Amino acid sequence: MIQWFTSLAPRLHRAFIEGDRWKLYLKGLGATLEMTVLALCIGIVLGVLVAVIRTAHDQQRIGQHNPILGILNGLCQVYTTILRGTPMMVQLLIWAFVIFKSSRNMIMVGTIGLGINSGAYVAEIVRGGLMSVDAGQSEAGRSLGLGYLDTMRFIVIPQAFKNILPSLGNEFITLFKDTSLVQAIGGAELAYYAKTIGGTTFDYMPPLIGIAVMYLVIVIVFTWLQGKLERRLRQSDRR
């Protein structure tokens, strides 16, 4: 055991210090965070759009049926079913080697793949939040002369946001960890650099354990920030 700990110091030096390899970890971490933020933005835009369409379809009054809304709702259902029903890895491979097979920017391809996948999950999260708001709130908005979009924007969505915040935070954390899959298509992110350094030093344990600690620390920090925001929103409700 003592001999193992004695040999650990030079292994850590080779994995993180020698040749300024720590810069590669920082570069990979920056790419990982950038992918996470951009993919979440794509996911939120798509998710909100899909959720609003599906909620509008489900909340149509009895006897009223908009055929265009019905078609859009069907397309949204196909989108969420396919994206949620197939593995993320398979989707990334399709994006990289089928749809964008001529692209060399795998970070961009990975971001698009992650974002579109996230949109399917965000759509269900947002739809659940919108449906949780009492229908009387929408009726009140209509009685004040607000249209459907204005009612959603000023009355329903602000109330739904507080309900969906925990789930959105979990989606961000999941998305952050799923960025490690992008290395399978050649995306130069954190896991990619750790694997490369492990192959160079012929010692995979220090770089892989190192990035695991990085992922864990960032998830803990974000979870703490999410909890703090939730507490602040609850305090504002009491006031």
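Thresholds applied
Residues numbered from 1 in each chain as written. Predicted model: local features only at pLDDT ≥ 70, side-chain atom pairs only at ≥ 80, totals over all residues. Heavy atoms only, no water. Salt bridge = Lys/Arg side-chain N within 4 Å of Asp/Glu carboxyl O. Buried < 20%, exposed > 50% of the residue type's maximum accessible area, 1.4 Å probe, protein only. 1 Å grid on protein atoms, 1.4 Å probe; cavity = no way out; pocket = protein on both sides within 12 Å on 5 of 7 lines; lining within 4 Å. Points joined across faces, edges and corners; volume = space filled by probe spheres on them. Nonpolar A, V, L, I, M, F, W, Y, C, P; charged D, E, K, R; others polar. Axes fitted to C-alpha atoms, helices over the stretch in contact; angles between N-to-C directions. Helix = DSSP H or I, 4+ residues; strand = E, 2+ residues; numbered from the N terminus. Parallel < 35°, antiparallel > 145°, perpendicular 65-115°, else oblique. Left-handed = near helix turned anticlockwise from the far one by under 90°. Contact = heavy atoms within 4.5 Å. Phe/Tyr/Trp six-rings, centres within 6.5 Å; stacked < 30°, edge-to-face > 60°.

Asks: Give me the lowdown on the pattern of salt bridges, citing residues and values where you can.
Replies: Inspection of every chain in the model, using the stated rule, returns 6 salt bridges. Between E18 and R21 there is a salt bridge whose closest N-O contact spans 3.6 Å. We classify E18 as partly exposed; its relative accessible area is 35%. Taking relative accessible area as the criterion, R21 reaches 15% and is therefore assigned buried.

Asks: Outline empty space enclosed by the protein, listing residues and values.
Replies: In the structure shown here, the tally under the stated rule is 1 cavity of 30 Å³ or more. Forming the boundary of the largest cavity are T55, Q59, L130, V133, D134, S138, M152 and V156. In the lining of the largest cavity, the residues fall into 4 nonpolar, 3 polar and 1 charged.

Asks: Break down the packing of helix α4 (residues 88-99) against helix α5 (residues 106-132) for me, citing the residues and quoting the values.
Replies: Contact geometry of α4 with α5 gives a least axis separation of 9 Å together with a crossing angle of 135°. In terms of orientation, α4 lies oblique with respect to α5. Both α4 and α5 take part in a crossing whose hand is right-handed. Taking contact as the criterion, the partners of M88, Q91, L92, W95 and A96 in α4 are, on α5, M106, V109, G110, I112, G113, L114, I116 and N117. Tallied by class, residues from the contact of α4 with α5 come to 9 nonpolar, 4 polar and no charged.

Asks: Which residues make up the packing of aromatic side chains, and what values go with them?
Replies: Tallying each qualifying case throughout the model produces 5 aromatic pairs. Ring centres 5.9 Å apart and planes at 20° place the aromatic pair W95 and F100 in the stacked group. You can call F100 partly exposed: its relative accessible area is 25%.

Asks: Just give me the short version of unusual backbone geometry, but keep the residues and values in it.
Replies: Its identity is not glycine, yet D20 carries a phi of approximately 55°, on the positive side. By secondary structure assignment, the location of D20 is in the loop between α1 (2-17) and α2 (22-58). For F202, which is not glycine, the phi dihedral falls at a positive 60°. For F202, the location among the structural elements is in the loop between α8 (190-201) and α9 (205-238).

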